[in-house]
Amino acid sequence: MVLLTAREVALRLRNGSLSSTDVVSQCIERSRLARVLNAFITHTHESAMSRAAEADRRISAGQPLSQLDGIPVAFKDNFCTKGVKTSCGSRMLRNFYPPYSATVVQRLAGKGTVMMGKTNMDEFAMGSGSVDSIYGPSRNPWSRSVRYRERRLGDAEPLRVQATSGQVSYSLPSSTEEQKTCEDDETLSDEDDWLIAGGSSGGSAVAVATGASFIALGSDTGGSVRNPASYCGVFGYKPTYGLVSRHGLIPLVNSMDAPSIFARSTDDLAAALEIVAGHDIRDSTTVREQYKPFSLPDDLSVKDLHVGIPTEYHAPGLSQGMLDAWSWVADLFDNAGAKVSRVSLPHTQYSIVCYSVLCACEVASNMARYDGIQFGHRSEQGSSTHALYAATRHEGFNDVVRGRIFAGNYFLLKRNYEKYFVKAQQVRQLIAEDYRHVFSSGVNVLLTPTTFGDAPSYRSFIGADNRTRSMQEDVFTQPANMAGIPAVSVPVMLSERGLPLGLQLMADNFHDKQLLTCAKWLESQVNFPRFDPVTDS
Amino acid sequence: MSVGIIQLQLEQDSGKSLHDEDNQHTLVDLNRAGIALMEIVTAPDMSDSEEAAALVKELQLVLQAIDTCNCKMEEGSLRVDANVSIHRPGEPLGVRTEVKNLNSIRFVAKAINYEIAEHKRILESGGVIVNETKSFDFKTGKTVSMRDKEMKQDYRFMPEPNLPPLRVYDNSDFPTTKKSSQAINIDTLRAALPVLPAEKRHHLVHQQGLSVAHALMLVADDDLMQYYNSVLAASPHLTPKLVMSVLATDLLACLYKAKLAISDCYLLPRLFAEVCSLLQAEAITTTTTTKLIQLMFNGETLPPADIIENYEWHKITDRAEIQRHCEEAVERNPKAVRKYREGKPRYFTKLVYHVQTKSNGCTDPLVVTEILKKLISEVS
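Bear in mind that the values here come from a model prediction, so they are computed numbers and not experimental data.

1. Overview of the side chain of A:T266
Residue and element names in this part refer to chain A.
At step 1: Of note, T266 is situated in helix α8 (residues 266-276).
At step 2: Within the structure, T266 has its side chain in polar contact with the side chain of E523 (distance 2.6 Å).
At step 3: Beyond its immediate chain neighbours, meaning those up to four positions away, T266 contacts F235, L296, L516, A519, K520 and E523.

2. Thoughts on the interface of chain A and chain B
At step 1: Contact with chain A, which involves 20 residues of that partner, is made by 18 residues of chain B.
At step 2: Each partner contributes to the roughly 1,500 Å² buried at the junction of chain A and chain B, and carbon and sulfur atoms together form 56% of this total.
At step 3: Together, A:R288, A:T385 and A:L412 form the three largest contributors to the area buried by chain A at its contact with chain B, with a combined 25%.
At step 4: Residue assignment for the side of chain A that touches chain B shows that the elements contributing at least two residues are α10 (348-366) and α13 (414-440) of chain A.

3. A few points about unusual backbone geometry
All names here are of chain A.
At step 1: Residue S200 is reached from G199 by a cis peptide bond, and omega for that bond is 10°.
At step 2: Mapped onto the fold, S200 is located in the loop between β5 (167-171) and α6 (202-209).
At step 3: The backbone phi angle of S130 is positive, close to 60°, even though this residue is not glycine.

4. Some words on the packing of α8(A) against helix α17 (residues 512-526) of chain A
All names here are of chain A.
At step 1: Orientation of α8 relative to α17, taken along the N-to-C sense of each, is 155°, at an axis distance of 9 Å. Between α8 and α17, the crossing angle belongs to the class labelled roughly antiparallel. Across the interface between the two elements, T266, D267, L269, A270 and L273 from α8 touch D512, L516, A519, K520 and E523 from α17.
At step 2: Residues of the contact of α8 with α17, tallied by class, amount to five nonpolar, one polar and four charged.

5. What about the pairing of strand β3 (residues 25-29) of chain B?
Residue and element names in this part refer to chain B.
At step 1: Relative to β3, strand β2 (residues 16-20) is paired through five bridges, and the arrangement is antiparallel. Along β3, the bridge assignment pairs H19 with T26.
At step 2: The hairpin turn running from β2 into β3, its antiparallel successor, is four residues long, and Q24 in that turn takes a positive phi close to 55°.

6. Some words on the sheet that holds strand β8 (residues 258-263) of chain A
All names here are of chain A.
At step 1: The strand order across the open sheet formed by eleven strands is β1-β3-β2-β6-β8-β7-β12-β13-β11-β9-β10, and the pairing between neighbours is mixed. Looking at which strands have only one partner, the edges of the open sheet turn out to be β1 (40-43) and β10 (339-343). Averaged over all neighbouring strand pairs, the angle between strand axes comes to 30°, with direction disregarded.

7. Focus on the packing of aromatic side chains
At step 1: If you walk through the whole model with that rule in mind, you get 23 aromatic pairs over all chains.
At step 2: Judged by centre distance (5.4 Å) and plane angle (20°), the rings of B:Y155 and B:F157 are stacked. Of the two residues examined, B:Y155 and B:F157, each falls in the exposed class.
At step 3: With a centroid separation of 5.0 Å and 45° between ring planes, the pair formed by B:Y340 and B:F348 is classed as tilted.
At step 4: When its relative accessible area of 22% is taken as the criterion, B:Y340 is described as partly exposed.
At step 5: A cation over an aromatic ring shows up here: A:R264 above the ring of A:F214, its NZ or CZ 4.8 Å from the ring centre.

8. Focus on the pairing of strand β8 (residues 142-145) of chain B
Residues and elements named next belong to chain B.
At step 1: For strand β7 (residues 133-137) and β8, the ladder comprises four bridges, and the chain directions are antiparallel. Bridge pairing in β8 places F136 opposite T143.
At step 2: Adjacent in sequence and paired antiparallel, β7 and β8 are bridged by four residues, among which G141 carries a positive phi angle near 75°.

9. Things to note about the confidence of the model for chain B
All names here are of chain B.
At step 1: Looking at chain B as a whole, its pLDDT mean stands at 90, while 98% of the residues score no less than 70.
At step 2: Within chain B, the lowest mean pLDDT, 82, falls on β2, and the highest, 96, falls on strand β5 (residues 80-84).
At step 3: For this predicted complex, the interface score ipTM comes out at 0.84, alongside a pTM of 0.81.

10. Here we look at the pattern of salt bridges
At step 1: Enumeration according to the criterion identifies 24 salt bridges over all chains in this entry.
At step 2: Residues A:D283 and A:R246 are paired through a salt bridge, measuring 3.8 Å at the closest nitrogen-oxygen approach. Residue A:D283 is located in the loop between α8 and β9 (306-310), and its partner A:R246 is located in the loop between β7 (235-238) and β8; the two are separated by 37 residues in the primary sequence. A:R246 matches A:D283 in its accessibility class, with the two residues each being buried.
At step 3: Put simply, B:K315 and B:D364 hold a salt bridge, and the shortest N to O gap is 3.8 Å. Of this pair, B:K315 sits in the loop between α10 (304-311) and α11 (319-332) while B:D364 sits in the loop between α13 (346-358) and α14 (365-378); the two residues are 49 residues apart in sequence, bridging distant segments of the chain. No difference in accessibility class separates B:K315 from B:D364, as the two residues are buried.
At step 4: What emerges from the salt-bridge pattern is a single network uniting A:R7, A:D267, A:D298 and A:K520.

11. A few points about the sheet that holds β8(B)
Residues and elements named next belong to chain B.
At step 1: With mixed pairing, the four strands of this open sheet are ordered in space as β5-β6-β7-β8. Looking at which strands have only one partner, the edges of the open sheet turn out to be β5 and β8. Each neighbouring strand pair of the sheet contributes to a mean axis angle of 35°, computed without reference to strand direction.
At step 2: As paired elements, strand β6 (residues 97-102) and β7 share three bridges and run parallel to each other. Bridged to K100 within β7 is S135.
At step 3: Contacts from helix α2 (residues 105-124) reach β5, β6, β7 and β8 within the one sheet, and its direction differs from that of β6 by about 160°.

12. As for a negative patch on the surface
At step 1: A surface patch of like charges, here negative, comprises B:D221, B:D222, B:D223 and B:D264.
At step 2: Structurally, B:D264 is set in the loop between α7 (240-257) and α8 (269-280).

13. Considering the state of the cysteines
At step 1: On inspection of all chains with the given rule, the structure shows zero disulfides over all chains.
At step 2: Note on A:C361: no disulfide assigned, nearest cysteine sulfur contributed by A:C359 at a separation of 9.1 Å.
At step 3: Among the cysteines around B:C265, which has no disulfide bond, B:C254 carries the closest sulfur, lying 8.2 Å off.

14. A word on the confidence of the model for chain A
All names here are of chain A.
At step 1: In the predicted model, chain A carries a mean pLDDT of 90, and 90% of its residues have values of at least 70.
At step 2: Counting contacts from residues 151-158, a segment whose pLDDT is below 50, to residues more than four positions away or on other chains yields twelve contacts.
At step 3: Here residues 172-180 is a poorly scored stretch, pLDDT under 50, and it has 20 contacts once near neighbours within four places are set aside; other chains count.

15. Thoughts on α10(B)
All names here are of chain B.
At step 1: Within α10 the residues assigned to the buried category are P304, I307 and I308. For α10, the buried positions fall inside an angular range of 100° around the axis, keeping them on one side.
At step 2: Packed against the buried residues of α10 are α8 and α9 (286-297).
At step 3: Phi turns positive, to about 55°, at E312, one or two residues after α10.

The rules behind the values
- Residues numbered from 1 in each chain as written.
- Chains lettered and ligands numbered in written order.
- Predicted model: local features only at pLDDT ≥ 70, side-chain atom pairs only at ≥ 80, totals over all residues.
- Heavy atoms only, no water.
- Helix = DSSP H or I, 4+ residues; strand = E, 2+ residues; numbered from the N terminus.
- Polar contact = N/O pair within 3.5 Å; in protein donor to acceptor, adjacent residues only side chain to side chain.
- Contact = heavy atoms within 4.5 Å.
- Buried area = accessible area lost by both parts, 1.4 Å probe.
- Axes fitted to C-alpha atoms, helices over the stretch in contact; angles between N-to-C directions.
- Parallel < 35°, antiparallel > 145°, perpendicular 65-115°, else oblique.
- Nonpolar A, V, L, I, M, F, W, Y, C, P; charged D, E, K, R; others polar.
- Pairing = 2+ DSSP bridges.
- Phe/Tyr/Trp six-rings, centres within 6.5 Å; stacked < 30°, edge-to-face > 60°.
- Buried < 20%, exposed > 50% of the residue type's maximum accessible area, 1.4 Å probe, protein only.
- Lys NZ or Arg CZ within 6 Å of the ring centre and 35° of its normal.
- pLDDT = per-residue confidence, 0-100.
- Salt bridge = Lys/Arg side-chain N within 4 Å of Asp/Glu carboxyl O.
- Patch = residues over 30% accessible without salt bridge, like charges linked within 9 Å, V, L, I, M, F, W, Y side chains within 5 Å.
- Areas by Shrake-Rupley, 256 points an atom, 1.4 Å probe, with all protein chains shown as cover.
- Lys, Arg positive; Asp, Glu negative; His and termini not counted.
- Charge placed at Lys NZ, Arg CZ, Asp CG, Glu CD.
- Disulfide = S-S within 2.5 Å.
- Arc of directions from axis to C-beta.

Put into structure tokens, the structure is as follows:
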């Protein structure tokens with residue numbers, strides 16, 4: 001059952017060869033084996049088992065609630081889950097038990113999925129490594145594959161990757177040492193000699209990569225789902241803004257946040273989207289048009305597809321491995337009959353600065369609700385209400401959060417408003433127009449890298465501060481959030497170090513079906529290895 | 001007159017802090033937190049406190065009619081901030097001060113009057129008006145500055161990203177691709193509005209012949225309007241003007257004396273209508289009507305016609321009889337007659353009063369007046 005997709009398991013659930021109880025138990029076991037990776041903040045194993053039993057009853061009675069009835073899912077810890085702690089990785093909410101569930105949580109539960117727990121994240125979703133959480137950092141399960149080989153080989157001989165005539169093959173040297181699982185691997189307990197999972201939705205990515213869950217939800221505001229998906233070798237999909245309700249998603253940037261999906265296949269992404277998408281009266285930014293669910297076709301052809309390669313994404317700092325993967329995939333499309341051409345998105349370079357301003361402004365507003373009065377952390381100190389607010393917020397937030405609040409407060413001052421906020425909004429319009437222009441000229445999808453290269457080590461990642469890292473890491477992913485367009489990171493191949501590389505596909509607003517169909521085609525072409533990072537097989 | 005509305009805001013009410021400095025406590029009241037709030041900003045089209053009070057009253061009626069708010073100022077459902085400035089004719093508007101959180105129409109009027117006088121006082125003594133926020137102290141009847149260390153709050157506003165821009169259409173530009181539930185068409189909304197106060201008043205004045213004052217009175221009080229309509233429904237032949245006259249003069253007086261509201265009125269509209277019918281048929285005088293209403297209001301259960309029988313309150317139509325009463329009045333009050341002839345009209349009233357008393361209020365004062373005057377001019 002190891003690392004099957006939800007669709008594959010669903011088939012077995014329906015023909016009786018597997019039960020939801022079996023599946024959930026195995027996920028619990030895998031979660032236990034991989035606990036050193038720190039993917040989860042909260043486990044909900046007891047309720048998961050009883051929900052699995054209920055699913056089994058329904059399925060055997062021939063009345064499944066959906067395709068995903070009985071399938072394990074996990075939620076990033078910024079989705080409100082009724083009665084289950086929702087901390088956002090922060091001291092401010094470490095004792096917060098929401099009295100309601102987010103809409104996406106409700107919808108998935110209503111269709112029979114089984115919640116395995118809440119996953120780790122950068123505090124309040126600010127960060128791109130999942131290292132700034134009060135519960136400690138999450139670790140990339142692929143950390144082991146590098147070191148395992150190193151230890152076996154004695155030195156770091158690069159993985160031989162052959163990409164010939166569209167096919168990739170990996171030659172893993174044969175081993176004589178007994179295999180070890182994640183649990184026994186002491187090397188992972190080394191403080192900083194492991195790889196980051198990416199962020200801010202790192203926990204959810206790891207949960208899916210390790211098989212502790214089949215589907216996991218994250219939130220993507222600047223790349224927070226696509227980034228860890230690339231590093232962890234799974235699919236990370238950000239739907240069009242406005243397609244999925246944000247009600248109950250504790251906000252970072254209201255105008256850019258998108259509840260997003262991790263899975264091990266594109267079919268699974270589509271199955272999950274079908275359940276969560278659609279107008280929600282509690283979220284005025286969801287579109288009112290009736291949502292038309294779709295499943296991805298099995299016979300795929302890219303002959304009528306026009307793929308655009310934006311020149312501006314050829315950023316300095318891209319690793320050779322990523323550049324090779326990018327041109328390899330472009331060739332795949334070309335050879336299969338798609339039209340591949342260079343396009344330009346001239347305002348790309350301004351996107352990250354624009355994002356810094358708008359994000360900080362919204363953060364300053366969104367974080368105002370944390371004053372220790374109604375919920376969350378409340379300081380013991382407080383000779384006056386103002387002193388209480390100040391102490392509570394100082395104690396409750398880490399310096400990343402506080403830094404963005406200060407910046408936002410500065411940008412929103414009357415004397416600065418035009419210069420920063422309004423200006424950034426205008427630049428944002430220009431960025432959105434870049435995409436509109438390209439898509440209206442006939443391009444269907446854009447193909448770009450998701451990240452600069454494979455997962456960096458924790459040691460090198462923390463060498464720079466959170467703000468600098470975020471500005472660097474988010475460069476490829478952030479513009480899609482500016483424009484609201486859908487984007488997905490597809491794991492395409494392993495780097496020389498044997499680590500996943502993800503490429504990003506983007507499509508026009510509300511062309512999610514086309515985007516995922518294209519991703520499915522790519523999935524079928526790249527033959528990304530089904531490597532189990534937990535047991536190393 | 002009309003007052004322009006220049007801005008409309010939808011907000012969420014926030015909490016209130018009550019600081020108890022003696023005990024180093026702050027109490028946070030969140031009972032109104034999150035409740036929807038609408039702020040209506042008018043143009044500076046009003047020129048005195050009466051106009052301002054009238055505006056507030058009218059807004060209350062409109063908002064109550066469309067079921068937006070009960071507008072009970074004493075409950076905090078409606079608050080008023082008054083912006084006051086003075087200027088000489090032809091000159092631009094003066095610097096304004098803002099008096100916040102007025103929670104009764106009376107206070108709105110008082111605060112504005114005080115503030116206008118204050119502005120005058122300052123300017124006439126050579127000072128300048130400072131643009132500041134003030135609160136109204138109802139105990140002293142004065143406004144006081146709310147300034148906090150001369151600091152202006154920078155609220156650091158930004159547009160709310162969770163609320164996309166609201167596009168409002170009408171029949172001429174409603175998008176054909178959208179269903180009626182997906183977008184706002186003000187023509188549709190307008191057609192669905194209930195009858196608004198202005199329209200009601202217009203109908204009462206032009207269709208039913210009531211005076212403007214009476215129309216205002218009815219429209220301002222839903223219960224009164226309901227009673228009035230019930231009376232007319234019970235007896236459709238009654239003239240509205242007559243009904244309203246009796247209602248306003250006699251019934252309201254009884255209610256006021258007994259400290260009751262119209263909704264507590266014991267006297268049923270149906271019975272009230274019977275009394276009005278008698279008056280309209282000229283079977284009784286207005287004086288009798290008053291007495292009749294009082295009796296029935298206080299519990300008399302006999303039908304009005306029977307009461308009239310018992311008390312012999314039929315209107316005296318026999319001119320000869322009236323003549324006799326008048327002659328007696330003239331005879332018994334020579335001083336009054338003389339004074340009246342000397343040009344003092346109030347002495348005439350004494351004569352009329354004599355006739356009314358003697359006739360038990362059953363004579364038509366117009367007829368009495370006519371006959372008395374004739375008599376007086378004949379006597380020389």
